[in-house]
Amino acid sequence: MGIWAAVLALMIPVVYDSQQQAFPTQAARNAYAQVANTPAVAALTGLPYAAGSLGGILVIKIWMTLAVALGFASIFLVTRNGRADEEIGRTELLKSSAIGRHAYSTANYAVAGGLSLLTGMLVSLLCLFVTLPAAGSFVMGASIAGTGLAFVGVAAICGQLSSTSRGANSLGVGLLAVFYFIRAGADLQSSGVDPSTPTPSALNGSTLNLGAGNLGAGNPNILSWFSPIAWAQNMRPYGQDTWWPLLALVLLAVGCCVLALRLESIRDLGSGLLPDRHGPSRASGFLLEPVGLVLRLQRSGLVGWFVGAMVAGVFFGGVARAMTDALDPTNPLARSFVGTSDSLLDGVLSIFVLFNGLLAGAFAVQCLSATRGEEASGRLDAQLAGALSRYKWLGAQILVAAIGSALMLLIGGYLTGVSSQGAATGSQLAGASLLYWPAVLLMMGVMLFLTGFAPRWTISISWAVYGASVLAAMFGNLFSLSEATIRATPFGAVPRLPADTFMLLPLVILALLAVALATLGIVQFRRRDLSPDF
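Conventions used here
Residues numbered from 1 in each chain as written. Predicted model: local features only at pLDDT ≥ 70, side-chain atom pairs only at ≥ 80, totals over all residues. Heavy atoms only, no water. Axes fitted to C-alpha atoms, helices over the stretch in contact; angles between N-to-C directions. Helix = DSSP H or I, 4+ residues; strand = E, 2+ residues; numbered from the N terminus. Parallel < 35°, antiparallel > 145°, perpendicular 65-115°, else oblique. Left-handed = near helix turned anticlockwise from the far one by under 90°. Contact = heavy atoms within 4.5 Å. Nonpolar A, V, L, I, M, F, W, Y, C, P; charged D, E, K, R; others polar. Phe/Tyr/Trp six-rings, centres within 6.5 Å; stacked < 30°, edge-to-face > 60°. Buried < 20%, exposed > 50% of the residue type's maximum accessible area, 1.4 Å probe, protein only. Lys NZ or Arg CZ within 6 Å of the ring centre and 35° of its normal. Disulfide = S-S within 2.5 Å. Expected span 1.5 Å × (residues − 1). Salt bridge = Lys/Arg side-chain N within 4 Å of Asp/Glu carboxyl O. Polar contact = N/O pair within 3.5 Å; in protein donor to acceptor, adjacent residues only side chain to side chain.

Draft legend 1. Region of the structure containing the packing of helix H1 (residues 2-22) against helix H6 (residues 103-129). Direction vectors running N to C along H1 and H6 enclose 20 degrees, while the axes themselves pass 9 Å from each other. Classified by the interaxial angle, the pair formed by H1 and H6 is roughly parallel. Both H1 and H6 take part in a crossing whose hand is right-handed. Listed contacts from H6 to Trp4, Ala5, Leu8, Ala9, Leu10, Ile12 and Pro13 of H1 are Leu115, Leu118, Thr119, Leu122, Val123, Leu126 and Cys127. When the residues that make up the contact of H1 with H6 are grouped by side-chain class, the tally is 13 nonpolar, 1 polar and no charged.

Structural data, given as C-alpha cells:
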C-alpha cells in the first residue's frame, strides 16, 4: 500500500517538471492546447478544459493515469483481503473467534478506503509543493481519492457476487473498463464553450484557456453521469474546481459497502451470489496441453493487454504530428527526444515506440507472475502429480509470455505507423518496436532467475526492477542521469528508432543476459522444493 501511494503521488512532481521544461511559455502551452483539442486525447485522457495552463496540462497528462491506477489498486486490495482470504480459508478461521460477522469485511473496506485518502492527500501536498494553486491542488487530490473510494465500493459488491478471487478481480476490472469507455464516449459527445472565449487560467495570471474546441469543455454529456470516473473528472481541478461530485463518489462508495455487508448476511461463507458456471465433463485436447491450459487461464488478461496495445498504438500515431508541432525544437527537453536524428517528429515517434516496449514488458512480467501464483496456491502440486515435468510446465508459461509480448510489440508498432498520417509506415515502426523484445526477454529472465532462487520475492522484486528500468528509460534526463547510466538499463539500452541509429551489440547483450538468467533460474526451479504460500 505504501508503494502504491508513494509511486502514484511522486508522479506529480516528475510530470510537472517535465511539462515546465517542455512548455516554458504561454505560447507553448497554447500550442499544446491545440494538441489536446483532438478526439484521440479526449477519449484517452478526458476533456482538455484548461489546456492553456500548467495546472490544466498536468491534469491532461496524469489525472486519468492516477485515477485509473488507484481504481485498480482498490479493486485488487479489497479482493485480496476479502474474497481471496475467504477462498483459502483465512476468513473462516478468523470468524471462528469472537468477532462480528461483518468485522473483517468492514476493516477491509476501511483499510482500502484509507489507501485512497492517503494517496489523494499526498497528491494534493505535492501539487502544493510544486507551487500550483491551492484550490486546484485540493480538488486534484480529492478527485483522485474519490475515484479510489468509488472502486472500493464496486470491488466490495464484486466480492459478494463471485465465489473466487479471480472472478471478483475480473468482474471489478471489467466494470472499471466499462466505466472508462462510458466516460470516453461521453467526452467525445460533449458540447460546450467556444474555445475562443477566454476564461481565467489556473496559473501565472494568464487569461487564456483554449478549452476543448469542437469537443466542448463546458457542459459534460449526460452519458458521463453513468461513470464514476467521469464524476471525478468533472470536479475539474485547476479549472472550475467543483466539489459537489465528490459527495456523489463518497455516497456511491458508502452505499456499495453497506449493500455488500447486507449481501454477506444472506449468503453462505465461501459461496458467491452468482451461480458457478458448470464446465464440460471432459477437457478438450487443447486444455490437455500445458500451453493450452495457460492460454485458457490467462485469456482475459491476454485480451485486455492486446486491446490496450491496439488502443495505445492508434492514439500514439494519431497525435504524433500534433505533438511535434506543439514542441519547441530549441527546447532542451524536446531536443532530448530526438537522439541522433535531426527530426523532432522521428524523436516523438521513438518515444511512442518506447511506450509500446514498456507495455510489452509489463505484460510479460504480469504473465509470468502466474507461475508464482500457481505454486503459492498449491495448484502446481496437482499439475505435477502426473506425467507433466517441471520443465514442460514452466516452458509453457515462458512461451505464452514471450510470443505474446512479441505480438504486442508488432501490433502496437504497426498501428502507430499506419495511424501517423504519413509520418512513418506500419512496417517501419513495427520493426522499431520489435527491437525492444530483447529488453522484454531480460525482464522475463530476471523473473525466472528469482523464481528459481527467491520464489517468495519473485513478484515484488521483478516489478521493482521493471519500475526502475521504466523510470530510467522515460525520465532519466529529468533525474539528471548520465547517458551511460540510462544506456545501462534494459529499455534504455535499446536504440530508439527512428530517431537513433541502429546498433546490434546492445540487443545481443540483452538477449545473452536474458538467456543466462533464465537458464540459471529454470535449472534451480527443477532442483528446489516447491514453496507454497506467499
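Draft legend 2. Structural context of the packing of aromatic side chains. Counted according to the given criterion, the structure contains 14 aromatic pairs. Arranged with centres 6.3 Å apart and planes meeting at 75 degrees, the rings of Phe306 and Phe363 form a pair that is edge-to-face. Linking Phe306 in helix H12 (residues 299-326) with Phe363 in helix H14 (residues 344-377), this pair joins segments that are 57 residues apart in sequence. Comparing Phe306 with Phe363, the two get one shared label, buried. Looking at Arg183, its charged tip hangs above the ring of Tyr180, at a distance of 4.7 Å from the centre. Directly above the aromatic system of Phe525 lies the positively charged group of Arg390, at a separation of 5.5 Å from the ring centroid.

Draft legend 3. How the structure looks around the state of the cysteines. According to the stated counting rule, one finds 0 disulfides in the structure shown. With no disulfide partner, Cys257 has as its closest neighbouring cysteine sulfur the one in Cys256, 7.0 Å distant.

Draft legend 4. Just helix H7 (residues 134-161), in detail. Taking 1.5 Å as the rise per residue, H7 with 28 residues should run 40 Å; its terminal C-alpha atoms sit 41 Å apart, in good agreement. A large share of H7 lies buried, amounting to 24 of its 28 residues.

Draft legend 5. Local environment of the side chain of Thr416. Within the element layout of this structure, Thr416 appears in helix H16 (residues 390-418). Taking relative accessible area as the criterion, Thr416 reaches 0% and is therefore assigned buried. When sequence neighbours within four positions are dropped, the list of residues in contact with Thr416 reads Gly313, Phe316, Gly317, Asn356 and Leu429.

Draft legend 6. Inspection of the pattern of salt bridges at higher detail. On inspection of all chains with the given rule, the structure shows 9 salt bridges. A salt bridge links Glu86 to Arg267, with the nearest nitrogen and oxygen atoms 2.7 Å apart. Here Glu86 is found in helix H4 (residues 54-88), whereas its partner Arg267 is found in the loop between helix H10 (244-266) and helix H11 (290-297), with 181 residues between them in sequence. Each member of the pair Glu86 and Arg267 is classed as buried. Arg528 is paired through a salt bridge with Glu375; the nearest N and O atoms lie 2.7 Å apart.

Draft legend 7. How the structure looks around unusual backbone geometry. The amide bond that connects Leu497 to the next residue, Pro498, takes the cis arrangement and shows omega of 10 degrees. Within the fold, Pro498 resides in the loop between helix H20 (483-487) and helix H21 (505-527). One non-glycine residue, Arg236, lies in the positive phi region at around 50 degrees. Along the polypeptide, Arg236 turns up in the loop between helix H9 (228-233) and H10. Of note in the backbone geometry, Tyr238 takes a positive phi value of approximately 65 degrees without being a glycine. Its place among the elements puts Tyr238 in the loop between H9 and H10. Assessed through its relative accessible area of 4%, Tyr238 is described here as buried.

Draft legend 8. A look at the side chain of Ser419. Here Ser419 shows up in the loop between H16 and helix H17 (426-434). Polar contacts involving the side chain of Ser419 include one to the main-chain carbonyl oxygen of Leu415, which spans 2.6 Å. The contact partners of Ser419, leaving out residues within four places of it in the chain, are Gly313, Val314, Gly317 and Gly318.

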